Every structure is written in structure tokens, then in C-alpha cells.
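Commentary on secondary and tertiary structure
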Amino acid sequence: MDPTHQGPEEYGQNADDPGRSDGRRRASRESNAADFGQHAPQQARVVRLTAGDLLLTVNPVDGSEVEAVPPGAEAEPPVRRTPAERADHERAGAPPVPAGPPAPQLPLLERQAERERLVGLLARGRSVRLTGQAGSGRTALLDAVAADCAGLAPDGVVRLNGHRRTATDLLYGLFDAVHHAPLHRPAPEELLALVRSIGAVVVIDDLEIGGAALDELLEATPECAFLLGTAPDLPAPGIDAHLEEVLLAGLGRAASLELLAKVVERPLTEEEKNWAGDLWFESEGLPLRFVQAGSLLRQRDRLNTDPTAFDEYDYFEPRPDDVPPVSEAPTPETLDVPLPSLGEGAAPAVLLASRLSEAARETLRFTVALGGEVPHQAHLPALVGDTHADAALGELAHCGLLSPAGPRYRLAAGVLAQLEAGGYADEAAAHALTAAQHYAWWVSHPSVTPQRAVAEADAIVAAMGRLVPDGEAGRASAAVLLARSAAPALAAGLSWGAWEKALRVGQEAARIAGEVAEEAYFHHELGVLALCTGNLDRARTELETSISMRGALADKSGAVAGRRALALVADRSGGLVPPVRSQPGDEVPVVRQELPSGTPPAAYPAPQFLARQPGEEAPTVVAPVPGAAPGKHGGRAILGGARRNLAAAGALLVAVLGTVVTLGLTAGDPEEPGSRNVTTEQSSPESTPDEGFPDDEPGDVPVPTGGTPGGGTSATPSASEPATPSTSGSPSPGPSSPDASSPGTGDPSSGPTDDPTSDGPSPSGKPTTPTKSPTPTPTSPTTPPTETPTTPPSETPTETPDPPSTSTSASGPTESASASASASASATAGSEPPAEGGDPTEAAA
């Protein structure tokens, strides 16, 4: 049966009562949950809170989402608590009262002078640093002074715990103690403005910050008087802090004996006084040592009265039915148990624990596994496996093995090291794994509020931190599960210091376990946390890492949440979003047009210029213009463009002439044995010194016989026949392709031939010739060439120098003469390879 389904099930029966089918249901038992101290279940796990001007939505599924607070959704301004509300808030933050009989109230001995001095300094608004060793009674003295200063400040006395807390954590704790702002975490600037107006006596026990961090805390709260309980090895603040220093020494011999008698609750014997005197000398009068020594004497009294008092079945242990109660058991003879040794009195943790119940010893094992953090007494039955294990907290507290730390308890000073030496850490990893699995289930339960999760934050972080260095399989995954479950609750409870610790431990555990999806989640949460706290560089790094990992996993929803947060980071940092590259197929088509002088844009293909000799004038850039009138003999009009100066060294001329990308033609020198062959689909270009492309030449310029203008040869070897030396001395022109005309052949004054294989007139206005191998005869420069039979392959073409042409062209006589002179100078070089280019028909199209 589904416990969440309240409707009628099959067969017409009611879900609550199988014997009733009228549709009526029994009364719910949820109304009685308050009688047992339980809270109503909360199914909604998504929490929305404000952090400054940001709206944070804690989403445990895909990751938290952050955005700017929309208009009208601003958080209510913080309201100061009344004295009654501050008292309720302080009681809620106090550690729970241990189960069992109440412990005796111990007096504050030999502390009256320090007590009056501290109250006087705080009354004058001075801040005091109370320095003493662990176990010297700092906590008891701070409690007494806090009670004396209740009416000194307008905001009363604020008690904070400095164990594993930073200056920022303490500032937010001070704000929360004085102001009521549900689901709102002020920005750093707003926080400083709010705490600056607080006037209270702030008592911080177990402070772990000093130096510059402590100066920052004191400077941020000028209207507060601080009473700080610290260890002697903590760095002192600066001189400008004006912090008074009060040293707390141990108790005297008489006060130590009096305290021991109060703990034992009877007068001491002479033997016990001598033993206590030696202990006082050994422990330097620390009150904690005498409280623990008094617990040893109490256990000794019980053993002297009942030697079986601490046997297998203790008062807190379940007894079988056949075992008689303690009162009905036969009373053995009274034994004289000796006093503990001096070493056992100085380090009594192991001896004290050996005489406690099994549930108490198992609790100590869990506490050692958690680094000294004691789980709440409500968790002990589930951890230990005993329904009466909650009473173990009282046993440990009465023995002096525990000390209060904020809303919880932790092992007293020096007890952790003693228990580890006594073998209580042998199975620490297994106990930490059990605790991690329990807390992962507990914190995910709908009935657990974020405030309850925050109260167990230290134990939760300690449980997952103990599993990360362990190399055994499965334990890192348990730490990941606990961090994944606890992080949203800690964020919703506004305990962001613990939230950051859980995220960092979870990220490391996920990396070790190889859980990439969870690692990406922790990176995302760390980025959101950094964004909310104002660390934009850290936020950008974490979010980019998370987006890349989620992109590799095809996690679209998580990647979208990361991109939104990253866009907000870019908006807040004032940086420009990097441009997005266009995808293949989205490029803009190239448009060729007349360009102004200067370097053309990158969108236009750069024109390939012919090389020129040093000192020669830069060639003219020629580009076809749509709609231009055709020129003489079918040629197109030539428009001179802007000239570009090319800085070409003499050593680079050979390379430039050898490669012409835009013409797409290849040509070889027939004189060179290793020259490349020309296919039938290619034609040798003409070296036009004054124009950019050979296909743009005017058609009225006559071409001399047997070569290009300026004395260059136009003969090229056939693609199917190798270039061989010729004996006749007559040039052998290369074959003409169907797509282009062979320079130096045909009548320039005649129109295009009727060759069916020809595609039309040449773009340069020259006629095309049939596909055959004519052999021109040497003629004068003014006589048109005539077609002759093809020269055998064995003949070598010869170059016939031609005088410069004097005919006019579209560019004028002067330019033609200059071009001919330039071409003649180029031909005399003899070592320049022919240029390569594209098909002229492609340029014409």
C-alpha cells in the first residue's frame, strides 16, 4: 500500500480502512506529531532566498539558479529583534540538555578578580581577549561574565561560537542574532552597514582567528564590546585594535581540592588529598583535570560498593529475563579498589570510557571518527543501534569528556588524542562511513528543516571529510552522496561557510570516485556561491568548468543553468561577451567589386600581383565591373584601379612568380629537366607587366610570333609528350585547351573560330584555336604567325626576341612601351619560372 496515496484503492476499499467502502477516511495522525517533538513533513525542497540584490533558487536537481532580483520581489528590510526574541534565539542555539540525572552545579572558584575586571572593562566599552589553556575554565568564566553584562548594551549580550568559524561567519552570526531577516542574506556592503549600528556585548568562545582577520572583525563593529576566549598560541591583533589582554591561570592547590570534593560530593580522605596534590602539580591546576579526576573517584566508590557495577550488564544495558535486578542480586564482599595512578589521573579518558556503558563507548568511537564532533543525541540510537543510546550523552558529559560548542557538544580538550592512543580509532573509517550514510538519509528527509541541518553541519562536514582521504572503494561515493544531499540544505539554512566546505569536499570526492556529473554539479554550486559573495573571477572559473563538463555529458538543463549564471557574471564584471563564430555554411558570399586604395577587407580575396623588378612601378589593380561596355575586337573595357606598392625583396621574386593562386595554372620551363608538365586543360599565361591579370588584356595589342610580349616564349610541352631537345630550331607551341587560347597563335584581328569544342571567345578578346599542335614559322615581328605542322617532340623550341610593340592599347602608348620594356627585362633573367594561375574562362564567368 502506498502511504502517500489517500484515495480509494482497487476493489472499492478505502485506503485507510479496508473494511469500509463509503469513501470516508480516518482522521490524520499528523496533528499529533507536535506532541512527539516532530515537525510536519515538508515536501518542497526548492528554496528561494535573496543574497543582496540577487535572487538565489536552491535547486538540488540541476543546481542552484541565480538572477537579479526582479522589481517588486525585493526582500523585506531586516528588523531588530526584541529582548524576548533575542532570548528565544539564544536558547535555540544552546546545546541540548543531556538525558539522565542532572549534573551537579560546580562553583566558579578563584575567578572573582578576573570576573570583576572583565565586567569593568566591558562596561567602559573596551574589548578584552581572555587567554588561557584548554581546560582552564574559560567557558565557565565567559558564562558568568555574560550573565553580569546582560543590561550593559542596548542590544544585550550575543553569544557566538568561534570554533572553525571565519570573520565573515562571525559577522553574519552577529547579524542573525540581532536582526530578523528570514531567507535573506545581506550583501557584504549591506552587512557592514547593519553590523556597524549594532551595540552589544559579543562573547565569542573558542575563537580561532587572529591577526588581520581579528582586526577586520573589530573594525567592522565599532559599537560592540568583545569578550574573546582564545588559546595562548593564537596571533594577537594589531596595536590599533586597542584590545585588552587578560591571562587565565590554573587554580591553586586549595581551590583544586575544593573543586574535586564538589565533583565527588563527599569529603576527601587524606590519601585522596595527597593524590590530588600530586595531580595539581602535574596538571598546573587546570579545572578540567580535577573534574575528570572526580569522575574517577566516583567510579571507584561504585566499585568499592558493587564490584559488578561496571560489568557486562550495566544500568543502561538491556538485561536478559533470567538475570535478576541489581537489588535482588547477591551482594559480594566489599573491595578496596586502589586509587588511579598519576598517569591515569593526568590522562583519564581511556580509563573513564572503560567503565561506561557499551552505548557510551560506541558513541565515543563515532565521535573519534568524526574528529571530536559528537552527533546529536537524537542520532545516537540509529548510529549505535540501541534504542537507549541517547542516554550515553549524559554519561559522557557527567564524566567531563565533553564540552559545549555552540548548539552541540564536542570532546573536551585532550580527550581525542587520549582515545586515539587507546584504540578507539581502529575502525574510524567504518564508523565514518556509517555516519555518512545515516546523515545522507536524514538530511534528505522532507521533515528535516534547513535549521536542523545547520545544527549538525560540523558533524556532516567531518563525516564526509573523513572518507575522502580513504582509498577504499565506495567510501568516496558515500561522501559524494552526503555532500550532494547536505549542500542544498546548508545553503537554504544560510550557513554558507559550511556550504562551501561541503561543496569542496564533495568536489574532491567526486573527482576521486570518477563521478563526472556530480563533480560538474559541485563546480556549478561553487560558481554560484562565488557569484553571490562577489568573487567574480572564481565564479567564472567554476562555471566554465561546470559547463564544459556538462556539455561533455550532454546535460542540457545543467548547462543552461550554468550559462545563465555565467552571463550574469559577465554582466556584473563589465566584460564583453566573446563573439560567436559562424557555423560552416553561414558565411556571407564574396562580392568582387572595385576597391578603394589601401588594403582590401578580409572578406574580399586579396588580388595576386605579378612580380616586378626592383624600381619598377607598382602594377594597376584591375577588377571587372558589371555592365562594362565591350571593347574592340570583342574585348572588355579595362578600368584602371588603385595601385598597391608591394615590398618584395629580390630573393622572394622567384617564389612569387612561381605561384599565382588566383589563376590556378601551372607551367613548366621546357629548358629544365625537372619542370612540371602542363595538361591539356591548362594554358600558359602571358606575362603582362602593366596589368593585374592576363585575361584582362586589350584585344588590339598584337602578339609577336613565337613568344609573349617582351621576348618570352609561348611554347609549352604537351601533357602527353615530354620536353625534348629540338634540332630544327623552330618553336613548338603547346597544345590549346578547349577552354582557352594559346598565346602567340591565331590572328588577333580575326574573331573567334567555329571550333565546336570551344566555349566561346577568350575573355581577353583573343580567338581560340582548334585542338591541334601547330608549328609557327619564324616571321618578322609585324607579320602574323601562320600555322605549320606540329614539330616532333624531339625538337627544342627556341625563343625569338621581339621588339617592343608600338601599337596603341586601352592603356595608351606610353604604358605599352613601358610594359614591353619591363617584360623584356624580365625575360632576360632566364631563371624565373613561369607563373601559375586560374582558368581564364572562370574569371570571365
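Residues numbered from 1 in each chain as written. Predicted model: local features only at pLDDT ≥ 70, side-chain atom pairs only at ≥ 80, totals over all residues. Heavy atoms only, no water.

Comments concerning the overall build of the protein chain
Secondary structure summary: the protein chain contains 26 helices and 15 strands in total. A burial count over the protein chain gives 44% of its 845 residues as buried. Excluding contacts between residues fewer than 6 apart, the proportion of contacts in the protein chain whose partners are at least 24 apart in sequence is 69%. (Helix = DSSP H or I, 4+ residues; strand = E, 2+ residues; numbered from the N terminus. Buried < 20%, exposed > 50% of the residue type's maximum accessible area, 1.4 Å probe, protein only. Contact = heavy atoms within 4.5 Å.)

Some points on the pairing of strand β12 (residues 402–405)
As judged from the 4 bridges shared by β12 and strand β13 (residues 408–411), these two strands associate in the antiparallel manner. Of the residues in β13, the one forming a bridge with Ala405 is Arg408. Where β12 folds back onto β13 in an antiparallel hairpin, the turn is made up of 2 residues, including Gly406, whose phi is positive at roughly 70 degrees. (Pairing = 2+ DSSP bridges.)

As for the pairing of strand β1 (residues 47–51)
Counted residue by residue, β1 has 4 buried out of 5 residues, so it is predominantly covered. Bridge analysis of β1 against strand β2 (residues 54–58) gives 5 bridges, and the strand direction is antiparallel. By the bridge assignment, Ala51 is partnered in β2 with Leu54. Where β1 hands over to β2, the hairpin turn is made up of 2 residues, of which Gly52 adopts a positive phi near 70 degrees. Note that β1 and strand β8 (residues 184–185) share 2 bridges and pair parallel. By the bridge assignment for β8, Thr50 is matched with His184.

Things to note about the packing of helix α20 (residues 496–513) against helix α21 (residues 516–533)
In the contact formed by α20 and α21, the axes pass within 8 Å of each other and the chain directions differ by 150 degrees. With respect to α21, the axis of α20 lies roughly antiparallel. Viewed along their axes, α20 and α21 form a crossing whose handedness is left-handed. Where α20 approaches α21, its residues Trp496, Trp499, Glu500, Leu503, Arg504, Gly506, Gln507, Ala510 and Arg511 are matched on the opposing element by Glu518, Glu519, Phe522, His523, Glu525, Leu526, Leu529, Cys532 and Thr533. Here the residues of the contact of α20 with α21 are counted per class, giving 8 nonpolar, 4 polar and 6 charged. (Axes fitted to C-alpha atoms, helices over the stretch in contact; angles between N-to-C directions. Parallel < 35°, antiparallel > 145°, perpendicular 65-115°, else oblique. Left-handed = near helix turned anticlockwise from the far one by under 90°. Nonpolar A, V, L, I, M, F, W, Y, C, P; charged D, E, K, R; others polar.)

Here we look at the sheet that holds β1
Strand order in this open sheet of 4 strands is β3-β2-β1-β8, and the pairing throughout is mixed. Only two strands of the sheet have a single partner each, and these edge strands are β3 (65–68) and β8. Sheet topology note: the β2/β3 ladder contains 4 bridges and is antiparallel. Across the sheet, Leu54 pairs through a bridge with Ala68, a residue of β3.

Brief notes about the environment of Thr50
Looking at the element boundaries, Thr50 is found in strand β1. For Thr50, a relative accessible area of 7% corresponds to the buried category. Linking Thr50 and Pro186, residues 136 residues apart in sequence, is a C-alpha distance of 7.8 Å. The residues touching Thr50, leaving out its near neighbours within four places in the chain, are Leu55, Val69, Ala75, Leu183, His184 and Arg185.

A short note on unusual backbone geometry
Unlike most non-glycine residues, Glu265 shows phi in positive territory, near 65 degrees. Given the relative accessible area of 57%, Glu265 is considered exposed. Although it is not a glycine, Leu494 adopts a positive phi angle of roughly 65 degrees. Relative to the assigned elements, Leu494 resides in the loop between α19 (475–492) and α20.

Structural notes on the sheet that holds strand β10 (residues 225–230)
With respect to topology, 5 strands assemble into an open sheet ordered β6-β9-β10-β5-β11, the strand pairing being parallel. Of all the strands in the sheet, just β6 (157–161) and β11 (243–248) have a single pairing partner and so form its edges. Going across the sheet, the axis of each strand differs from the next one's by a mean of 15 degrees, ignoring polarity. Two strands pair when backbone bridges link them, and strand β5 (residues 127–132) and β11 are joined in this way by 6 bridges, in the parallel orientation. The residue bridging Arg129 from the neighbouring strand is Glu245, located in β11. Lying over the sheet, helix α2 (residues 112–123) contacts β5, β9 (201–205), β10 and β11, oriented at roughly 170 degrees with respect to β11. Packing of helix α6 (residues 212–220) onto the sheet brings it into contact with β5, β9, β10 and β11, and relative to β10 it is tilted by some 155 degrees.

A closer look at α19
Over its 18 residues, α19 extends 26 Å from the first C-alpha to the last, a length consistent with the 26 Å expected when each residue adds 1.5 Å. Ala486 marks the point of greatest bend in α19, at about 30 degrees, and the proline Pro488 comes within the next four residues. Counting buried positions over the 18 residues of α19 gives 16, a clear majority of the element. Taken from the residues just after α19, Leu494 is the one with a positive phi, measuring 65 degrees. (Expected span 1.5 Å × (residues − 1). Bend = angle between axes of the 7 residues up to and from the residue.)

Focus: the packing of aromatic side chains
For the structure on display, the rule yields 3 aromatic pairs. Plain terms: the ring middles of Tyr439 and Trp442 are 6.2 Å apart, the flat faces sit at 75 degrees to each other, and that makes the pair edge-to-face. With Tyr439 and Trp442 both in helix α16 (residues 428–443) and 3 residues apart, the pair spans about one turn of that helix. Assessed through its relative accessible area of 9%, Trp442 is described here as buried. Relative to Phe522, the ring of Tyr521 has its centre 5.5 Å away and its plane inclined at 65 degrees; by these criteria the two rings are edge-to-face. Here Tyr521 falls in the buried class, since its relative accessible area comes to 1%. Between Arg185 and the ring centre of Tyr172, over which it is positioned, the NZ or CZ distance is 3.6 Å. A cation sits over an aromatic face here: Arg484 above Tyr521, 3.6 Å from the ring centre. (Phe/Tyr/Trp six-rings, centres within 6.5 Å; stacked < 30°, edge-to-face > 60°. Lys NZ or Arg CZ within 6 Å of the ring centre and 35° of its normal.)

Quick notes on the environment of Glu208
If you trace the backbone, Glu208 turns up in the loop between β9 and α6. On a C-alpha basis, the gap between Glu208 and Ala167 in space is 9.5 Å, while along the polypeptide they are 41 residues apart. What Glu208 contacts, discounting residues up to four positions off in sequence, is Gly162, His163, Arg164 and Leu234. Only 3.1 Å separates the side chain of Glu208 from the backbone nitrogen of Arg164, close enough to count as a polar contact. (Polar contact = N/O pair within 3.5 Å; in protein donor to acceptor, adjacent residues only side chain to side chain.)

Side note on the pattern of salt bridges
All chains considered together, the criterion is met by 27 salt bridges. A salt bridge links Arg159 to Asp143, with the shortest nitrogen-to-oxygen separation between them at 2.7 Å. Of this pair, Arg159 sits in strand β6 while Asp143 sits in helix α3 (residues 138–148), and the two are 16 residues apart along the sequence. Between Arg266 and Asp301 there is a salt bridge, with its nearest N and O atoms 2.9 Å apart. (Salt bridge = Lys/Arg side-chain N within 4 Å of Asp/Glu carboxyl O.)

Describing helix α22 (residues 536–552)
Counted at 1.5 Å a residue, the expected span for α22 with its 17 residues is 24 Å, and the 24 Å between its end C-alpha atoms agrees. What α22 keeps buried is the set Leu536, Ala539, Glu542, Leu543, Ser546, Ile547, Met549 and Arg550. The arc that holds the buried residues of α22, viewed along the axis, is 170 degrees, so those residues lie on one side. Exposed side chains of α22 directed beyond 90 degrees from the buried face belong to Asp537 and Ala552. (Arc of directions from axis to C-beta.)

Regarding the nonpolar core
Counting 63 residues, the largest nonpolar core has Leu56, Val66, Trp496 and Trp499 as the members making the most contacts within it. The element contributing the most residues to this core is α19, with 11 residues. If we skip the residues at most four places from it in the chain, Leu56 touches Val47, Arg48, Leu49, Ser64, Glu65, Val66, Trp496, Trp499, Val528 and Cys532. Ala167, Tyr172, Ile204 and Ile209 belong to the second largest nonpolar core, which has 28 residues in total. (Core = buried A, V, L, I, M, F, W, Y, C linked by side-chain atoms within 4.5 Å.)

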